[in-house]
Amino acid sequence: MSLTQWCVGACFSRHTDGGGIRGLSCLIMLQEILYRIQKDEQLPNVPLPCDIFDLAGGTSTGGLIVIMLFRLRMSIDDAINAYKRLSKDVFSKKKCFF
């Protein structure tokens with residue numbers, strides 16, 4: 001069984017938890033899976049998550065990650081960079097609503 005078959009079988013449904021650093025850790029784990037698929041399948045480029053997984057879901061920031069990866073069809077590297085930029089604003093301690 002190839003790594004791709006295992007990943008697609010084991011991760012048929014890609015779920016991403018919301019909440020700060022956990023979102024980034026999910027992206028980093030997914031990045032490693034995609035790098036291994038690229039190597040195993042001898043692909044010229046890292047595949048897009050939306051081309052590998054059939055279903056994705058997430059809550060809170062996990063939902064934003066799913067939108068980036070599956071609706072906007074971002075690469076995993078672009079999504080990690082966008083998440084880092086976004087998290088600086090969203091998770092900053094100084095917030096004033098009035």
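Structural notes, computed from the coordinates. (Residues numbered from 1 in each chain as written. Predicted model: local features only at pLDDT ≥ 70, side-chain atom pairs only at ≥ 80, totals over all residues. Heavy atoms only, no water.)

1. Description of unusual backbone geometry
Definition in use: By the criteria applied, helices consist of DSSP H or I runs no shorter than four residues and strands consist of E runs no shorter than two, each listed in order from the N terminus. Each residue is placed in one exposure class: buried if its accessible area under a 1.4 Å probe, protein chains only, is under 20% of its type's maximum, exposed if it is over 50%, and partly exposed if it falls in between.
One non-glycine residue, Gln-42, lies in positive phi territory at about 55°. One non-glycine residue, Arg-73, lies in positive phi territory at about 55°. Looking at where Arg-73 falls in the secondary structure, it is placed in the loop between helix H4 (61-71) and helix H5 (76-90). Under the relative-accessibility criterion, Arg-73 is labelled partly exposed at 46%.

2. Some words on the environment of Asp-77
The test is simple: Should any heavy atoms of two residues lie within 4.5 Å, those residues are considered in contact.
Within the secondary structure, Asp-77 is located in helix H5. Asp-77 sits in the partly exposed class, given a relative accessible area of 33%. Setting aside residues no more than four positions away along its own chain, Asp-77 makes contact with Gln-31 and Tyr-35.

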